[in-house]
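Chain by chain, the residues:
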Amino acid sequence: MLERVTKWLANLRPDAPHAADAYLHASQEMRELRDRLKRNSDSELQTLARQAELPAAKYVAIAAESIRRTLNLDPFDVQIAGALAMNDGAIAEMKTGEGKTLAAVLTVFANARDHRGAHVWTANDYLAARDAEWMGPAYRMLGLSVAAVQQGSTAAERRAAYACDVTYCTANEVGFDFLRDQLVLEPDELVQREFAFVLIDEADSILIDEARIPLVIAGAAPDAEDLARSMAQLVAGFRHFVDYTTDEHARNVQLTDTGIAKVEYAFGCPNLFNNVRLFTAVQDAVHAQALLRRDVDYLVRDNAVELIDEFKGRIAQNRRWPAGLQTALEAKERLPLRRQGRILGSITLQNLVRMFPKVCGMTGTAATQAQEFYEMYQLPVVEIPTNRLVIREDYPDLLFPDRLSKERAVVEEIAEAQASGRPVLVGTASVEESERLSARVTRAGVPNEVLNARNDAAEAKIIARAGSEGAVTISTNMAGRGTDIPLGGDRVRELGGLYVIGTNKHEARRIDDQLRGRAGRQGDPGSSRFFVSLDDDLMVRYGIRQALGPAGIRHPGASNAMLSIQRIVEGQNLEIRQTLWKYEGTIDHHRKTMQDRRMDALFRREEMSERERRITLIKIDDLWSDYLAAIAELRAGIHWEAWTGKDPLHTFLTRAEEVHNELEERLEAEIAEALVSEDVEPIADSFDRSATWTYIVNDHPFGTLQERWARAVGDRIRVLLSGSH
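Residues numbered from 1 in each chain as written. Predicted model: local features only at pLDDT ≥ 70, side-chain atom pairs only at ≥ 80, totals over all residues. Heavy atoms only, no water.

Caption draft 1: Spotlight on the overall build of the protein. Per the secondary structure count, the protein includes 28 helices and 22 strands. Split into buried and exposed, the 725 residues of the protein put 55% on the buried side. Pairs at least 24 residues apart make up 76% of the contacts formed inside the protein by residues separated by at least 6 positions. Here the protein displays about 31,400 Å² of accessible surface, and carbon together with sulfur accounts for 50% of that area. (Helix = DSSP H or I, 4+ residues; strand = E, 2+ residues; numbered from the N terminus. Buried < 20%, exposed > 50% of the residue type's maximum accessible area, 1.4 Å probe, protein only. Contact = heavy atoms within 4.5 Å. Areas by Shrake-Rupley, 256 points an atom, 1.4 Å probe, with all protein chains shown as cover.)

Caption draft 2: Highlighting the pairing of strand β17 (residues 424-428). Within β17, five of the five residues are buried, leaving the element largely enclosed by the surrounding structure. Side chains Val 424, Val 426 and Thr 428 project from β17 onto one buried face, and the interleaved Leu 425 and Gly 427 project onto a second face that is buried too. Of the pairings in the sheet, the one linking β17 to strand β19 (residues 472-476) comprises five bridges and is parallel in character. Considered in β19, the bridge of Leu 425 is made with Thr 473. (Pairing = 2+ DSSP bridges.)

Caption draft 3: Here's a closer look at the pattern of salt bridges. Evaluated as defined, the whole model comprises 49 salt bridges. A salt bridge links Glu 173 to Arg 158; the nearest nitrogen and oxygen atoms lie 2.9 Å apart. Here Glu 173, found in helix α10 (residues 171-181), pairs with Arg 158, found in helix α9 (residues 155-163); they are 15 residues apart in sequence, far enough to count as distant. A relative accessible area of 7% places Glu 173 in the buried class. Between Arg 509 and Glu 570 there is a salt bridge whose closest N-O contact spans 2.6 Å. Pair noted here: Arg 509 is in helix α22 (residues 509-516) and Glu 570 is in helix α25 (residues 558-603), with a separation of 61 residues, a long-range link. Several salt bridges share partner residues, and in doing so they unite Arg 31, Arg 34, Asp 35, Lys 38, Asp 74 and Asp 77 into one network. (Salt bridge = Lys/Arg side-chain N within 4 Å of Asp/Glu carboxyl O.)

Caption draft 4: Local environment of the packing of aromatic side chains. Counted according to the given criterion, the structure contains eight aromatic pairs. Relative to Phe 356, the ring of Phe 195 has its centre 4.3 Å away and its plane inclined at 10°; by these criteria the two rings are stacked. Taken together, the residues Phe 195 in the loop between α10 and β5 (197-201) and Phe 356 in the loop between α16 (349-353) and β13 (358-363) connect sequence positions 161 residues apart. The pair formed by Phe 195 and Phe 356 is uniform in burial state, with each residue classed as buried. Ring plane angle 15° and centroid distance 4.5 Å describe the contact between Trp 624 and Tyr 627, whose orientation is recorded as stacked. A residue pair is termed a helical-turn pair when its members lie 3 or 4 positions apart in one helix, as Trp 624 and Tyr 627 do in helix α26 (residues 610-637) at three residues. Here the aromatic cluster, defined as three or more aromatic residues joined through ring pairs, consists of Trp 121, Phe 178, Phe 195 and Phe 356. Against the face of Trp 581 rests Arg 354, its NZ or CZ located 4.0 Å from the ring centre. (Phe/Tyr/Trp six-rings, centres within 6.5 Å; stacked < 30°, edge-to-face > 60°. Lys NZ or Arg CZ within 6 Å of the ring centre and 35° of its normal.)

Caption draft 5: Highlighting the nonpolar core. Among the nonpolar cores identified, the biggest contains 64 residues, and Tyr 23, Ile 62, Val 108, Tyr 139, Val 166, Tyr 168 and Leu 199 are the most heavily contacted of them. Among residues more than four places away in sequence, those in contact with Val 108 are Ala 118, Val 120, Tyr 139, Val 166, Phe 197 and Leu 199. Counting residues in each nonpolar core, the second largest holds 39 residues, with Val 198, Ile 208, Leu 344 and Leu 349 among its members. (Core = buried A, V, L, I, M, F, W, Y, C linked by side-chain atoms within 4.5 Å.)

Caption draft 6: Highlighting helix α27 (residues 648-676). A rise of 1.5 Å per residue sets the reference length of α27, with its 29 residues, at 42 Å; its end C-alpha atoms lie 42 Å apart and thus fit the reference within 8%. Those residues of α27 not exposed but buried are Pro 648, Thr 651, Phe 652, Ala 656, Val 659, His 660, Leu 663, Leu 667, Ile 671 and Ala 674. Looking at the packing, one finds that the buried side of α27 touches α25 and α26. (Expected span 1.5 Å × (residues − 1).)

Caption draft 7: Expanded view of the packing of helix α4 (residues 42-50) against helix α5 (residues 56-71). One can describe the packing of α4 onto α5 by two numbers: an axis separation of 10 Å at closest approach and a directional angle of 150°. Where α4 crosses over α5, the two elements pack in a sense that is left-handed. On α5, the residues that touch Asp 42, Leu 45, Leu 48 and Ala 49 of α4 are Lys 58, Tyr 59, Ile 62, Glu 65, Ser 66 and Arg 69. (Axes fitted to C-alpha atoms, helices over the stretch in contact; angles between N-to-C directions. Left-handed = near helix turned anticlockwise from the far one by under 90°.)

Caption draft 8: Structural detail: the pairing of β13. The buried fraction of β13 amounts to five of the six residues, a majority that puts the element mostly inside the structure. Alignment of strand β1 (residues 91-93) against β13, held across three bridges, turns out to be parallel. Bridge pairing in β13 places Ala 92 opposite Met 362. Where β5 and β13 come together, five bridges link them in parallel fashion. Directly across from Val 198, in β13, lies its bridge partner Val 359.

Caption draft 9: Quick look at the side chain of Ser 625. Here Ser 625 shows up in helix α26. Judged by relative accessible area, which is 3%, Ser 625 ranks as buried.

Caption draft 10: Representation of the packing of α5 against helix α7 (residues 100-112). Direction vectors running N to C along α5 and α7 enclose 130°, while the axes themselves pass 8 Å from each other. Classified by the angle between their axes, α5 and α7 sit oblique to one another. Crossing of α5 over α7 shows right-handed handedness. Contact residues: α5 offers Tyr 59, Val 60, Ile 62, Ala 63, Ala 64, Ile 67 and Leu 71, while α7 offers Leu 102, Val 105, Leu 106, Phe 109 and Ala 110. (Parallel < 35°, antiparallel > 145°, perpendicular 65-115°, else oblique.)

Caption draft 11: Focus on the side chain of Asp 284. Among the secondary structure elements, Asp 284 is positioned in helix α14 (residues 276-290). Buried charge without a salt bridge: Asp 284, with Arg 277 as the nearest opposite-charge side chain at an N-O distance of 11 Å. Those residues in contact with Asp 284 that lie beyond four places of it in its chain are Gly 324, Leu 325 and Ala 328. (Lys, Arg positive; Asp, Glu negative; His and termini not counted.)

Caption draft 12: Highlighting the sheet that holds β5. What the seven strands build is an open sheet, ordered β3-β4-β2-β5-β13-β1-β14; its pairing is parallel. Across the chains shown, the open sheet's two edge strands, defined by having one partner strand only, are β3 (146-148) and β14 (381-383). Averaged over neighbouring strand pairs, the angle between their axes works out to 20° when direction is ignored. Taken together, the three bridges between β1 and β14 define a ladder with parallel strand orientation. Opposite Ile 91, over in β14, you have Val 381 as the bridge partner. Packed on one face of the sheet, α7 meets β2 (118-122), β4 (166-170), β5 and β13 and runs near 175° to β5. Relative to β4, α10 is tilted by about 100°, and along the sheet it contacts β2 and β4.

Caption draft 13: How the structure looks around the environment of Leu 215. Considering the arrangement of structural elements, one finds Leu 215 in strand β6 (residues 214-219). A relative accessible area of 0% means that Leu 215 is categorised as buried. For the pair Leu 215 and Phe 176, spaced 39 residues apart in the sequence, the C-alpha separation amounts to 6.8 Å.

Caption draft 14: Quick look at helix α8 (residues 125-141). In this model, α8 (17 residues) spans 24 Å end to end at C-alpha, consistent with the 24 Å of a helix rising 1.5 Å per residue. The largest bend in α8 is about 50°, located at Met 135, with the proline Pro 137 one to four residues further on. All of the buried residues in α8 are Leu 127, Ala 128, Asp 131, Ala 132, Met 135, Gly 136, Ala 138, Tyr 139 and Met 141. Contact partners of the buried residues in α8: α4, α5, α7, β2, β3 and β4. Capping the start of α8, Asn 124 holds a side-chain oxygen 3.2 Å from the backbone nitrogen of Tyr 126, two or three residues further along. Looking at the residues trailing α8, positive phi occurs at Gly 143, about 90°. (Bend = angle between axes of the 7 residues up to and from the residue. Polar contact = N/O pair within 3.5 Å; in protein donor to acceptor, adjacent residues only side chain to side chain.)

Have a look at this one:
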């Protein structure tokens, strides 16, 4: 039996048609093996676990038996199938409630036995700590050590956690620790070891939504920021269409001649375009004033700006906009200006993932992005069937001419469902909308709870009640993933289970699917429906309201417009990310080159004097920081090349290579100069290594590329609609 399954799996490719059926069949064939393992004693099972070169299917079966004995949970066939697919380097799409946490253990054990270190990346610190503790007994029974890295972990605690066979952590913590390790001056200060294997939970979030967000480590003292406050005060009086214009599709801002004249007069500048510092400051100030919306894009809490993650609806922990825009926003809100400092290192999650020799993942929503997963990461998606048939009813969308009529209909729908005792979960697009809708529902006499970024600390308690009889929960899409809503008994099931209402459609279909997936887990009843209006952001951004013309929602193509938008935008976003990767690929190559040189110097204690080694490390760090600053400046203005008829990509890559060559030349010269210096004292640092800080940049480099393609999407939709008459 084992031989048959092993041969079957050896010939199975996860990107093959019907791969999911094949993995499920293999898991069913493994039942006999699993039954035999149940007859083994603990010591016999542990002896088997230590054996080398066993087939992967047997390691998965051994881990399943360990889970049964230590956690009193017996993995389903579909969980075994998902584990086998992930072991083959795939992303397993497993719906909400299908037990991805257990499935991960099966795959991780098969890949952590060599003691080289296996990472499990979770959505947040809470899940990392919870899963390490919860799943820990299953690993330890089989002789593996397990720990979790937390945001507040000390360097010693991090070093110990990464030294374990299995480490639960967030991608951000791994990235920040990697950046810190690139600044150490002694090998024993390193906290990480060489990367080997990573299993990514909520893989679509990490590999798509957050893939290009740079993680940054900074140091040194910040410059004075008086200009930001003066500029914020000036642009607070600017008027739309008088002093500046905006593009509703691109969310871009541009000063008019009147606005330019006001800035030049206020700052005594004869020509704004000859003063790069002033021009950049006013662009950031107007962008912050006109385009960044409080309670939609960010919150002000505890005297600081906190960004709202557009995909999750949660506070984006430790994340900022690019330095100038962040400062402009803080000045707009009259808050203390957070230090920005000198960037010492940066890496995107996309590039961090590529450093692992073996990668796999799992999520409830991957199929609609399968092409991107494969093209960008060579990760096929395998859609694992559910353990029980999904009986949730997904009703057709309802389309309304404007926001007001939509919200009235939503309130009526909520009131009707609540009156019957049926629980309702409402997914909204922003903090502002969730609170506005809650107020309307309250005025209608319907009690409700709000779950958004303001009260995210209460999420677990609110979600625990969301499936209770008569419960109404109005949330941002933070309720869309990483949560499980239990139904409040048979009475709720008789009423139809949880009713999920969406008040907006997202650009990506999978975000909508995440919200729908809150209902109907493990064969439970449930239903979902989206209420959409022509005033919704997606419809306005891509010009659909104008394309429908006077007919509006009566247009024969109106009902299909939203799905058409989503499919086209998904394709366009893939093209955007592929294009941006062409820009960033060469930068990552330069980073790897410098990283290899630094690590070589760090460990060459027998071949280099301590003074030479220290000089080399410090010069590498200083000049790499200069390189990043030069690349940032180049990137900020590269889109203007298109206006002169030049190819921005070719120009960027050419200049980036020149910057890197200059870095190499300066590095050799400055190391040599420092070595022959009469000063025999160790070279001084240009920054305090004990006073660095990390953050995430909510960056949109080469933004006008996305802006131009937003127009293209709208044009394509209008062509489609014109054929619907």
